[in-house]
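Descriptive analysis of the structure
The residues making up each chain are set out below.
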Amino acid sequence: MKSVSKVDKPILWSSLIISAAFVVATLVTPSGVSTVFNEIFSFFTKNLGWAYMLTAAMCVAFCIGLALSKYGNIKLGKDDEEPEHSRGSWFAMLFAAGMGIGLVFWGVAEPIMHFNYSPFADSKTPEAARIAMRTVLFHWGLHPWAMYAVVALALAYFQFCKGLPGLISSTLYPLIGEKGIRGPIGKIIDAIAVIVTLFGVATSLGLGAQQFTSGMNFEYGLPNTTTVAVVLIAIITVLFIISAVTGIDKGIKFLSNTNMVIAFLLMLFLLIVGPTRYILNIFSESMGDYLQNIVSLSFFMDTQGTVAKHTGNDWIGSWTVFYWAWWITWAPFVGSFIARISKGRTIREFMVGILVAPTLLSAIWFSIVGGSALNIELFGSGGIGAAVDKDVPSGIFALLSHFPLSSLTVVLTMILLAIFFITSADSATFVIGMFTSGGELNPDNRLKIVWGVVEGSLAAILLVAGGLSAVQTVSFMFSFPFMIIMILMVVSLVKAMGKGS
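A short tour of the structure in this document, coming up. (Residues numbered from 1 in each chain as written. Predicted model: local features only at pLDDT ≥ 70, side-chain atom pairs only at ≥ 80, totals over all residues. Heavy atoms only, no water.)

Some points on the overall build of the protein chain
When helices and strands are tallied, the protein chain shows 21 helices and zero strands. C-alpha extents for the protein chain along the principal axes are approximately 65 × 50 × 45 Å. Across the protein chain, contacts joining residues at least 24 apart in sequence account for 83% of those joining residues at least 6 apart. Carbon and sulfur atoms make up 66% of the accessible area of the protein chain, which amounts to about 18600 Å² in all. (Helix = DSSP H or I, 4+ residues; strand = E, 2+ residues; numbered from the N terminus. Contact = heavy atoms within 4.5 Å. Areas by Shrake-Rupley, 256 points an atom, 1.4 Å probe, with all protein chains shown as cover.)

See below:
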């Protein structure tokens, strides 16, 4: 193993110290920390929700406009460079890193939760089912991928076209110059990106572990306890570190391709043996409903309080605004990873691949998985809504119990979950290694091992301390400064492309 040739110590140590301080505070006074962070979360959602909504809408408009403009012909790299990965592998890796584990976790749970407690209709009615699917497609469609795309494009453009390091700070070169990106401002920007990635991935590891143990309990009666979840996190941590160390061309690509095959087989099975006509109808209807209402949904803030009165809570803040903030916390590492694997593609191809294909695949997944669950609730024996109310992660396993070969499909789903688990975490480990090594495209393995251990340990400690909700709030807090950075990225790209420099 080669020696660590380059480590950015200010970013490395500041990120580790801040993470350690939060863990200690959570372990020492979990209830006090939880109270403080709940208040902070409430402040952000109530007072700054409009900023998140406008930023997400701006990202969609910018990405579509850029793809349709003359700048869409710009290649991310030298004119004669070809893409490093096939379209299939490229798409599989970016999709697995960006959303895979979330689709498994929320595939049944979110549409059923919107059906059980509808924001815009009477709950548990056909109208509630229709609105639930429209809402899910909105939350998992163009907006999150546009936010990823802004960060990914800025990194890829300045890295492959301008020869700058693969760091978040490099994307602001036209605005703050060489001195700015290499000085204190640049260090602060890159440290924020590392911390946001750490906490975002730690939370996902915790949620994924909870769903996996829920599946083991549902199918095999294994105790659904924190201890089991921590053991699982330890096992997964070892696996994703191995994957990260083997590199993109081996571990990450292989696992991503494998998971796309498993996901496709599971969807095909449910489509054939499930309510096929209903699934095809709900896909068509939901896509039309989503596209017809995308503009109004993008700016809807429930100013008059009608939804809040109907649901009894701040639904917009708890769902849409929180989702936008959550996607922003994932944007540094997903964007960096997408940029890393997208060299040689034109901006137009880049945007179509990131915006259109994942949005369609997400819609297909939710139509098959979520649509089947809604069909059972409306026209079948029901029971999935009650299962989700009792234990959110168990939703997909409750669905599979209504289909033949459930023992096999549950195992496939847990394999799917585990591999998405690994691919998201190893992608993040790879990217944090880049951020803390001056933007090295292939960071040292020892650096990746250190960050892998930190990610797994952070998830396990917070799960034991009951701090996952608190760490979600911390991610939310850091999403606001990173949202400002994303806005500056757009300005920086416009300035650089406009000048051709």
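Quick word on a nonpolar patch on the surface
A cluster of nonpolar side chains, namely Val-261, Phe-264, Leu-265, Leu-268, Ile-272 and Val-273, defines an oily patch on the protein surface of about 550 Å² accessible area. The class of Ile-272 is exposed, set by a relative accessible area of 58%. (Patch = residues over 30% accessible without salt bridge, like charges linked within 9 Å, V, L, I, M, F, W, Y side chains within 5 Å. Salt bridge = Lys/Arg side-chain N within 4 Å of Asp/Glu carboxyl O. Buried < 20%, exposed > 50% of the residue type's maximum accessible area, 1.4 Å probe, protein only.)

Brief notes about the pattern of salt bridges
Here the structure, examined in full by the defined rule, presents ten salt bridges. Here Arg-134 makes a salt bridge to Asp-289, at a shortest N to O gap of 3.9 Å. Here Arg-134 is found in helix H7 (residues 126–139), whereas its partner Asp-289 is found in helix H13 (residues 276–299), with 155 residues between them in sequence. One exposure class covers both Arg-134 and Asp-289, and it is buried. The closest approach of N and O atoms between Glu-178 and Arg-182, which form a salt bridge, is 2.3 Å. Of the two residues, Glu-178 and Arg-182 both sit in helix H9 (residues 173–182), four residues apart, roughly one turn of that helix.

Concerning the side chain of Thr-197
Its place among the elements puts Thr-197 in helix H10 (residues 184–220). Other than its neighbours up to four places away in sequence, Thr-197 contacts Thr-329, Pro-332, Phe-333, Ala-428, Ile-432 and Phe-435.

Comments concerning the packing of helix H6 (residues 109–116) against H7
The axes of two packed helices give the description: the angle between them and the distance between them. Two elements in contact, H6 and H7, have axes whose closest approach is 8 Å; the angle formed by their N-to-C orientations is 135°. By the angle between their axes, H6 is oblique relative to H7. In this structure, the crossing between H6 and H7 has a hand that is right-handed. Seen from H6, the contacting residues are Glu-110, Pro-111, His-114 and Phe-115; seen from H7, they are Ala-128, Ala-129, Ala-132, Met-133, Thr-135, Val-136 and His-139. (Axes fitted to C-alpha atoms, helices over the stretch in contact; angles between N-to-C directions. Parallel < 35°, antiparallel > 145°, perpendicular 65-115°, else oblique. Left-handed = near helix turned anticlockwise from the far one by under 90°.)

Some points on unusual backbone geometry
Not every positive phi belongs to a glycine, and Asp-302 is a case in point at roughly 55°. Relative accessible area serves as the criterion here: at 11%, Asp-302 is assigned to the buried category.

As for helix H8 (residues 142–161)
The element H8 is largely enclosed, with a buried count of 19 among its 20 residues. Gly-163 lies just past H8 and shows a positive phi near 75°.

Re the environment of Val-464
Along the polypeptide, Val-464 turns up in helix H20 (residues 445–464). When the C-alpha positions of Val-464 and Leu-27 are compared, they lie 8.8 Å apart, and in sequence the two are 437 residues distant. Those residues in contact with Val-464, other than ones at most four positions away along the chain, are Thr-226 and Val-230.

With respect to the packing of aromatic side chains
One pair of aromatic rings is described through two measures. These are the centre distance and the angle between the planes. Under the criterion given, the structure shown has 17 aromatic pairs. Arranged with centres 5.0 Å apart and planes meeting at 75°, the rings of Trp-140 and Trp-327 form a pair that is edge-to-face. Taken together, the residues span a long stretch of sequence, with Trp-140 in the loop between H7 and H8 and Trp-327 in helix H15 (residues 315–340) at a distance of 187 residues. In this structure Trp-140 comes out as buried when scored by relative accessible area, which is 2%. Ring centres 5.6 Å apart and planes at 50° place the aromatic pair Trp-140 and Phe-366 in the tilted group. Residue Trp-140 is located in the loop between H7 and H8, and its partner Phe-366 is located in helix H16 (residues 347–379); the two are separated by 226 residues in the primary sequence. Grouped by ring-pair contacts, the aromatic residues Phe-105, Trp-106, Trp-140, Trp-145, Tyr-148, Trp-319, Tyr-323, Trp-327 and Phe-366 constitute a single cluster. Here the guanidinium or amino end of Arg-134 rests over the ring plane of Phe-120, the centre of that ring lying 5.8 Å away. Sitting above the plane of the Trp-90 ring, Arg-345 keeps its charged end 4.3 Å from the centroid. (Phe/Tyr/Trp six-rings, centres within 6.5 Å; stacked < 30°, edge-to-face > 60°. Lys NZ or Arg CZ within 6 Å of the ring centre and 35° of its normal.)

Re the packing of helix H3 (residues 49–68) against H15
One can describe the packing of H3 onto H15 by two numbers: an axis separation of 9 Å at closest approach and a directional angle of 60°. In terms of their interaxial angle, H3 and H15 are classed as oblique. For the element pair H3 and H15, the recorded crossing hand is left-handed. Along its contact with H3, which presents Gly-49, Tyr-52, Met-53 and Ala-56, the element H15 presents Thr-320, Val-321, Trp-324, Ala-325 and Ile-328. Among the residues making up the contact of H3 with H15, the classes are represented as seven nonpolar, two polar and no charged. (Nonpolar A, V, L, I, M, F, W, Y, C, P; charged D, E, K, R; others polar.)

A few points about the side chain of His-114
By secondary structure assignment, the location of His-114 is in helix H6. Excluding anything up to four places from it in sequence, His-114 contacts Pro-119, Ala-128, Ala-132, Thr-135, Val-136, His-139, Trp-315 and Trp-319.

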